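In case you want the letters, here they are:
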There are 2 protein chains.
Amino acid sequence: MTDAALSLAQALDRIRAVVGPAGIITDDADMAPYLAEWRGRFKGKSPAVVRPANTQEVADVVRICAAAQIPIVPQGGNTGLVGGSIPYEEGREIVLSLSRMNKIRHIDPLDYSMTVDAGVVLKTAQEAAEAADRLLPMSLGAEGTCHIGGLISTNAGGMAVLRYGVMRDLVLGLEVVLPDGRIWNGLRSLRKNNTGYDLKHLFIGAEGTLGIVTGAVVKLFPRPRQVETAFVAVPSPGAAIELLARLRAASGDAVTAFELMSDVCVAFALKHVAGSVNPLSEPSPWYVLTELSAGTHSDSFRESFEEALAAAFEEELATDAAIMSSQAQAQQMWFLREAIVEAQKFEGGSIKNDVSVAVSKVAEFIDRAVAAVEGACPGIRPTIFGHVGDGNIHFNLSQPEGTDTAAYLARWDEICDVVNEVILDMDGSISAEHGVGRFKKDEMPKIKSAVEFDLLQRIKAVFDPEGLLNPGKMLP
Amino acid sequence: MTDAALSLAQALDRIRAVVGPAGIITDDADMAPYLAEWRGRFKGKSPAVVRPANTQEVADVVRICAAAQIPIVPQGGNTGLVGGSIPYEEGREIVLSLSRMNKIRHIDPLDYSMTVDAGVVLKTAQEAAEAADRLLPMSLGAEGTCHIGGLISTNAGGMAVLRYGVMRDLVLGLEVVLPDGRIWNGLRSLRKNNTGYDLKHLFIGAEGTLGIVTGAVVKLFPRPRQVETAFVAVPSPGAAIELLARLRAASGDAVTAFELMSDVCVAFALKHVAGSVNPLSEPSPWYVLTELSAGTHSDSFRESFEEALAAAFEEELATDAAIMSSQAQAQQMWFLREAIVEAQKFEGGSIKNDVSVAVSKVAEFIDRAVAAVEGACPGIRPTIFGHVGDGNIHFNLSQPEGTDTAAYLARWDEICDVVNEVILDMDGSISAEHGVGRFKKDEMPKIKSAVEFDLLQRIKAVFDPEGLLNPGKMLP
C-alpha cells in the first residue's frame, strides 16, 4: 500500500479531490484554532486540516495518508487538556477533524440508544435525547463544544460517573477507520454479544492512536423526575467517604453526584468569583455537594434523604447541611462548585494533578499527598476538590503566598512526581479522566509495569505498525 | 524459552514439583469430571489436570508448559455450555483448574468492591458480599458451582443484566497469567483510570485464549430493600418491549428483571414440572415476569408499579397481571420461569439458539425467525423465552410432534443457520451470553466481517503467538 513516490503536495491534491474544497484548510490563519489547545499549553504545525464529511471520506483520506506516510492527528472538539489532539511542532502531521460529521443518525427510544456521527457536539446529543424523553447522562464543563467521538477516544468522565459510569460504560457500538483505511463496522446496539474479543474497548480511551472513531451507538436512560441537591459540611475526607457509602445504601444507589471540596477551594471561590455564595453559615474544613436523583416524584424520596443526613449528624459524619429549597438554590450550589475551577488562577501558579485511588483510600491519599507536597514545598496551598464518589481527586496545588510564580511553576514536574509517588504506592492512577496525550506520555514507562508497557506497545504495533496514527501521543 | 527437549513426562514432573501432589491429577477416574461438559455434549482427554494453589504456581506451570509446548485449557467451575473449558479428544492439552484458588482476598464495603481469587464460587462471593451488607448482583442458574474467573472469561450474563450489566461491567481490576508465564497485575480498584489501552477488557470474554485470569476486583452495590415481582399477560413481544420502556421510565430505571415467555413455554412447564403454577387464570399468547427493586422501602414504590401496570392495561400493552402478594408467590413466579428450561426436554429434541438483537428489534426478530424456521421445518414448535430486557432471546425449537428425534436433531446446523441468517441481517449476535468455545468457533469467519476477523486473529497472535492457550476455542 505504501507509495513512497507520493509527495506531500500530491497527497494533498488527492485528499482535496476526496473531501472537496470545503473539506480542507491550508491557510495558516484558518488552521490556527485547530493547532492549539484552548488553554495554550500545546501548539503545533500542520500542512493541512482535513474535514471529511462522512465515514467513507475519512477512510479514503487515511488510505492516501498511509500511502504517502503522512501521520494523522484525529481531532474532535479540541477541548482536551493533555495535548492529545494537537500536532507536533515539526509540521509533518495533518489534522483530521471530525467536525463536519455532525449528524445524529438515529434515536431509538424503545432501545434506549442513539446512533451518532463522531463529530456530534455533546450538548446537541443531550438535547436530542431529551426531546425523545431520554437522558444521555454524560455531562462535563466542555459539553457545548466537545464531540462524542472525542469523549469516546478519551474515555471522558465528568459529573455523572458515580451513577452512570464513564464514557466507556455508555458505548454500545463503534464505527472506526483503521490506520490502513479499512472501516471496522462495530455499530451495533447489543447489550449482550459474546463472540470474540471486545474490540470497541480497545478504541475507547485510545486517544486516536489505534483508529479514528467515526460513529457510535450510545446508551440512553430514563430521565430523572426528581433531583435533590444538598451542600454538606463534613469534618474530614474520611467522613465524606463514609457518608457517601451510607447515602448510596440508604437511597438505593440514587446518589448521582458527590463532590468534595476543601475549605481553601471554597474560600478562593467566594473571594474571586462574583455570585459565589456559601449556603452554610458556619465554616467547615471540608464540604460535599451531593445530588440524589429519582425516576419518580415522591415526598418520601426527599424525606429519606433528610433522614440519612440526620443520621449522619448523629454519627458525626456531617456537621451541617443545606438541602435545596428551590431549583435556584441548587444552581447556586453548583455555581460554587464550578467557581472553584476558575478561582484558582487568581491565587498565582497552580500545579494540577488529576488522580484517582480506590474510593475507600481517598482520605489516606489526601493525608499522605498533602504531607508529601508540604515537605517538598513549605507554604504550598493544596486546593483539593473532585469527583470523590469515583475516587477521582483534582489535587491542585497553589503556590505559597508571596512567592514567585515562574519559579514555582518551574517545579511542576518535581512536585507532580511527589504526588505521583504516593499515587503509585497506593495503586492509583496519575491520570484519572484527562488522559495521557502529549502531556504525560513520558510518564508511561514509569507508571506501568514492564509487562503492561510491553502489551501496550504490542497492541499499538498490531493496529498501527507504521505509527501513523497520532504518533507521540499516549505512548512515548 | 522453548525447550524442545523437554518431554511431556519431564514437564509433568516439573509441574508436580511446583504444585505438589495435591495439585495434580493423572488418574483417569479422578480426571473424568474435568474432561466432560456437564450436559455431555463435549468430552476430551488430557495427560493431567493441574490445580495450582496460587497465582505464582499458575505462572510457573504456564512457563513449564510454554517450554515444553504443552497446550493448556484453563477451567473454572466447568458449567459452560459451549465446550470452552473442555480439552480436545487428542489428549495433548493439560487442564489447568482454578478450583484450589478459592480465597476471598479482601472485601471493602466503603469502596463497594471485593477482591477474589478466580476460583471463588459465585454463591460464596454473593454470600460474603451480603455479610458485608453489599450486593454482588451477578446471578445465574449455575451460581452454586461456577467460578468468578469463569464468569469473567465468558463475560457471563444472567438474570440481573438489565440493571447491573454483564460481568464485564462488574470488573474493576484483573490479575492475569499470560501465555508466556508472566503475571499482569491489573488488580486495582479504580473507577477512573485513563492511562493507556484498557487491557482488562481484552481478557474479559476471551474464553481463556489470551491469558488465565487468576484474580479480580469486582464491583459491589447497595442491597435492594424492596423487591416487587409481577407476572404480566401481554398480547405480543412488541407490547412487552413497549411495556419495558415505560416501566423503566416510570420507575426511574428500577426494573431489575424482565423475562419474556411464550404460551408454549408456560404450557410445557405446567405440563411437565411439578409445582409449576400459572398465577393468571386467563390464557395469553405471551407473558412477562418482571421485577422492580428499590433501595428503600416505601408504599409508594409498589403503588407506582401498580399505576404503571394500570396505564399499560389502558393502552392495551398488557391484559392481566398478578403482583406478588407474598415472597412465596414471587418465588412461585420465578419457579415457573426456571421450570421452562427443564420442561423442554420432555417434548423431544430441542435445537437451541442463544441470540440477541437491539431491544427494540426483539418483536421483529421473533416474527421473522419464527416464519423462517416454520418454512424450513413445518410443525416446528418455537419455545421462546429469555432476558429480553437485554435483547437476549433463548430461541429454542422443539421438534414437530410425532416426528423422529434423531432425524430432527440431525438438522441442528441447518436450522441454526436459518435463525442466524435472520440474526445477522438484523445486526444481532448469534451468541449473546453463552460464548463461542468449541461449539460455534467455525461460525466465526462467517459471522464476522473480514476486517474484524483479521483483528481478532492478530490480537490472539500478539498475546499467544505459539497458540498454547485454549487452542481451537473461540477462533477456528
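Overview of the sheet that holds strand 2 (residues 49–50) of chain B
The strands making up a sheet associate through hydrogen bonds between their backbones, and the pairing can be parallel or antiparallel.
Residue and element names in this part refer to chain B.
Move 1: Read from one edge to the other, the open sheet built from 4 strands follows the order 1-2-4-3, with strand pairing classed as mixed. Each edge of the open sheet carries a strand with a single partner, namely strand 1 (24–25) and strand 3 (72–75).
Move 2: As paired elements, strand 2 and strand 4 (residues 94–97) share 2 bridges and run parallel to each other. Across the sheet, the residue bridging to valine 49 is valine 95, located in strand 4.

Notes on the packing of aromatic side chains
Residue and element names in this part refer to chain A.
Move 1: Taken as a whole, this structure holds 14 aromatic pairs over all chains when the rule is applied.
Move 2: With a centroid separation of 5.5 Å and 85° between ring planes, the pair formed by phenylalanine 203 and phenylalanine 463 is classed as edge-to-face. With phenylalanine 203 in helix 8 (residues 200–203) and phenylalanine 463 in helix 17 (residues 450–463), this pair connects stretches of sequence that are 260 residues apart. Accessibility classification places phenylalanine 203 together with phenylalanine 463 in one group, the buried group.

A word on the pattern of salt bridges
Move 1: Counted by the stated rule, this structure contains 58 salt bridges over all chains.
Move 2: The salt bridge partner of arginine 411 of chain B is glutamate 414 of chain B, with a shortest N-O separation of 2.8 Å.
Move 3: Its relative accessible area of 38% is what places glutamate 414 of chain B among the partly exposed residues.
Move 4: Salt bridges here are not isolated pairs; linked through shared partners, they connect Glu130, Asp133, Arg223 and Arg225 of chain A.

Here we look at helix 12 (residues 327–343) of chain A
All names here are of chain A.
Move 1: Counted at 1.5 Å a residue, the expected span for helix 12 with its 17 residues is 24 Å, and the 24 Å between its end C-alpha atoms agrees.
Move 2: Among the residues of helix 12, those classed as buried are Gln329, Ala330, Met333, Trp334, Leu336, Arg337, Ala339, Ile340 and Ala343.
Move 3: Buried-residue contacts for helix 12 involve strand 12 (226–234), strand 13 (255–262), helix 10 (263–272), strand 14 (286–294), strand 15 (320–323) and strand 18 (381–386).

What about the interface of chain B and chain A?
Move 1: Across the boundary between the two partners, chain B contributes 84 residues, which contact 84 residues of chain A.
Move 2: Taken together, the two surfaces of chain B and chain A that pack against each other cover about 7,300 Å², and 56% of this comes from carbon and sulfur.
Move 3: By the criterion of area lost to chain A, the three top residues of chain B are Lys192, Asn194 and Tyr197 of chain B, representing 14% of everything that side buries.
Move 4: Taken together, chain B and chain A are joined by 10 salt bridges.
Move 5: Joining chain B to chain A, the criterion identifies 42 residue pairs in polar contact (both at pLDDT 80 or more).
Move 6: Listed by contribution, the elements that provide at least two residues to the side of chain B that touches chain A are helix 6 (161–164), strand 9 (183–186), helix 8 (200–203), strand 11 (221–222), helix 9 (237–251), helix 16 (444–447) and helix 17 (450–463) of chain B.
Move 7: Counting residues per element, the side of chain B that touches chain A draws most heavily on helix 17 of chain B, at 10 residues.

Conventions used here
Residues numbered from 1 in each chain as written. Chains lettered and ligands numbered in written order. Predicted model: local features only at pLDDT ≥ 70, side-chain atom pairs only at ≥ 80, totals over all residues. Heavy atoms only, no water. Pairing = 2+ DSSP bridges. Helix = DSSP H or I, 4+ residues; strand = E, 2+ residues; numbered from the N terminus. Phe/Tyr/Trp six-rings, centres within 6.5 Å; stacked < 30°, edge-to-face > 60°. Buried < 20%, exposed > 50% of the residue type's maximum accessible area, 1.4 Å probe, protein only. Salt bridge = Lys/Arg side-chain N within 4 Å of Asp/Glu carboxyl O. Expected span 1.5 Å × (residues − 1). Contact = heavy atoms within 4.5 Å. Buried area = accessible area lost by both parts, 1.4 Å probe. Polar contact = N/O pair within 3.5 Å; in protein donor to acceptor, adjacent residues only side chain to side chain.

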